[in-house]
Amino acid sequence: MSLRKFITNKTTAALAVLITVFANTSVFAQDAAAGAAAAPKVDMGEVYKSVIFYILVFLAVCLFIAIIGKAIKVYELSREAQGKPVGINWNRVHASLFALFLVIGLYGVYWEYTVHGAMLLPDAASEHGKKIDEMFNLTLIITTIVFVVTHILLFGFSYIYKYSAKRKAYYYPHNNTIEKIWTIVPALVLTVLVLMGFLTWRSIFFKVEDPNNKPLQIEVTSEQFKWSIRYPGADGIVGNKNYKLTTATNTLGIDFKDINSRDDEMADEMVLPVGKPVKLILTSKDVIHSFYMPHFRVQLNTVPGMRTIFEFTPTKTTAEMQQETNDPNFKYLFLCAKICGSGHYNMQKVVRVVSEAEYKTWIAEQKTYLNDDLRKQFNLPVAPAPVKSVADSAAKDSAAVKTNQMALNK
């Protein structure tokens, strides 16, 4: 080969370009490394947190894709101008991408079930929660099967029946049998799911009260950003309240003209006896909050000016759930599931589920909401101070005399 042909050869020219680019890149990399070593380290943490940084990255990726697209377009036009056949079979490329997306998507479903599935809540700790879990699991199984089958058919057909010049598509405009199948089957499945949901909902909200096992009433009042828990007294009835009665001393607006309110007790935590129905009375002082007990499958809005009622029966004590989850620090909680303001994250209270005996011991230690200031405000008789017996006074006086005598003797 002559020197001229060697110089003008396309392969030689391409190699020369690659060597030149590699050399320049190596030099640039060395200079950049030297500069980085000499320059002080810059904390890029704040940069990575900014929105502008990610916008610029997105624009750079879009620009890169556009450049690749233009380069391929120039390549195709150059081949067309030279009278050469199409260089890239885009039908085959798209079909392969469909197959690739199908594999990646199915793996994503598997990953979601195995990784995030392990993060699901444990089994429900209430009677109605078991029904809700059954509905959830059934719906999830059906939708997963439909999702996997339909996407295999969708992407599989796109790959198998990609365009080919060797065959012609079959014209198949209509089929009554297929139309009936994919109309009737989904309708039946959805009807079953809707009926299950309706019957479950009725069983939760429409209950016949057992006179021998009346529910424990607990009133929960929400406000920005805390919860107030009120238990009934010995009468077992939570008294009335009125927002017009709210004052600095009567922060909940309790109406003490209602005799049932006078023995009500306040608590810093919610304690429930296992196996006993609980009737929650939910109210709000300011904005709409959402009362949420995830482990008991309870969630209702608390709305200013109205009372929301929900009844459920806890089935597992806190100690039993600690053993079931293998977590000695496990605690039931109720939270606010509505973004109600800046302190929303702090709206949570501990829930303890205990035996009946433990509950009775705990409730006996709680203090009543009605204090002397409130008695004066509502013109109620102030509770008398405890009376000392004569025997106690005599014993105390004799003890004082004996102490004085010992002091004098010294």
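An unreviewed UniProt entry lists the protein chain under the name Cytochrome c oxidase subunit 2, with Pedobacter ginsenosidimutans as the source organism. Check the Sequence similarities (unreviewed entry) section of the UniProt entry for the protein chain; it says "Belongs to the cytochrome c oxidase subunit 2 family."

J.: Is there a simple way to explain the sheet that holds strand 7 (residues 298-302) in this structure?
T.: As summarised here, the arrangement of the five strands in space is 4-10-9-6-7, forming an open sheet in which the pairing is mixed. The sheet is open, and its two edges are formed by strand 4 (270-273) and strand 7, each paired on a single side. Pairs of neighbouring strands in the sheet enclose a mean axial angle of 20°, with direction left out of account. With two bridges joining them, strand 6 (residues 289-293) and strand 9 (residues 332-336) adopt antiparallel strand pairing. Residue phenylalanine 291 lies in a different strand from strand 9, and its bridge partner there is cysteine 336.

J.: Looking at this structure, I do not really get the layout of surface pockets. What am I missing?
T.: In this approach, a probe sized like a water molecule rolls over the atoms, and the result shows the empty space that is left. By volume, the largest pocket is sized at about 670 Å³. What lines the largest pocket is a set of 22 residues, among which Val146, Val149, Thr150, Leu153 and Trp182 lie closest to the centre. Among the secondary structure elements, those contributing two or more residues to the lining of the largest pocket are helix 6 (127-160) and helix 7 (176-205). Broken down by element, the lining of the largest pocket gets its largest block of residues, seven residues, from helix 6.

J.: Before we go on, may I ask you to explain unusual backbone geometry in this structure?
T.: Keep in mind that most residues, glycine aside, have a negative phi and that most peptide bonds are trans. Of note, the amide linkage connecting glutamine 224 to phenylalanine 225 takes the cis form, showing an omega dihedral of 0°. By the secondary structure assignment, phenylalanine 225 is in the loop between strand 1 (216-223) and strand 2 (226-231). Here arginine 297, not a glycine, exhibits a phi torsion of approximately 55°, which is positive. Among the secondary structure elements, arginine 297 is positioned in the loop between strand 6 and strand 7. Here the phi dihedral of asparagine 326 falls at roughly 55°; this positive angle occurs in a residue that is not glycine. Summarising the element assignment, asparagine 326 is placed in the loop between helix 8 (318-325) and strand 9.

J.: What is the right way to look at a nonpolar patch on the surface in this model?
T.: Taken together, the side chains of Ile141, Ile145, Val149, Leu153, Phe157, Tyr159, Ile160 and Tyr161 present a nonpolar region at the surface, about 830 Å² in accessible area. Tracing the backbone through its elements, the reader meets phenylalanine 157 in helix 6.

The rules behind these values
Residues numbered from 1 in each chain as written. Predicted model: local features only at pLDDT ≥ 70, side-chain atom pairs only at ≥ 80, totals over all residues. Heavy atoms only, no water. UniProt positions renumbered as here; feature names shortened; annotations may be inferred. Pairing = 2+ DSSP bridges. Helix = DSSP H or I, 4+ residues; strand = E, 2+ residues; numbered from the N terminus. Axes fitted to C-alpha atoms, helices over the stretch in contact; angles between N-to-C directions. 1 Å grid on protein atoms, 1.4 Å probe; cavity = no way out; pocket = protein on both sides within 12 Å on 5 of 7 lines; lining within 4 Å. Points joined across faces, edges and corners; volume = space filled by probe spheres on them. Patch = residues over 30% accessible without salt bridge, like charges linked within 9 Å, V, L, I, M, F, W, Y side chains within 5 Å. Areas by Shrake-Rupley, 256 points an atom, 1.4 Å probe, with all protein chains shown as cover. Salt bridge = Lys/Arg side-chain N within 4 Å of Asp/Glu carboxyl O.

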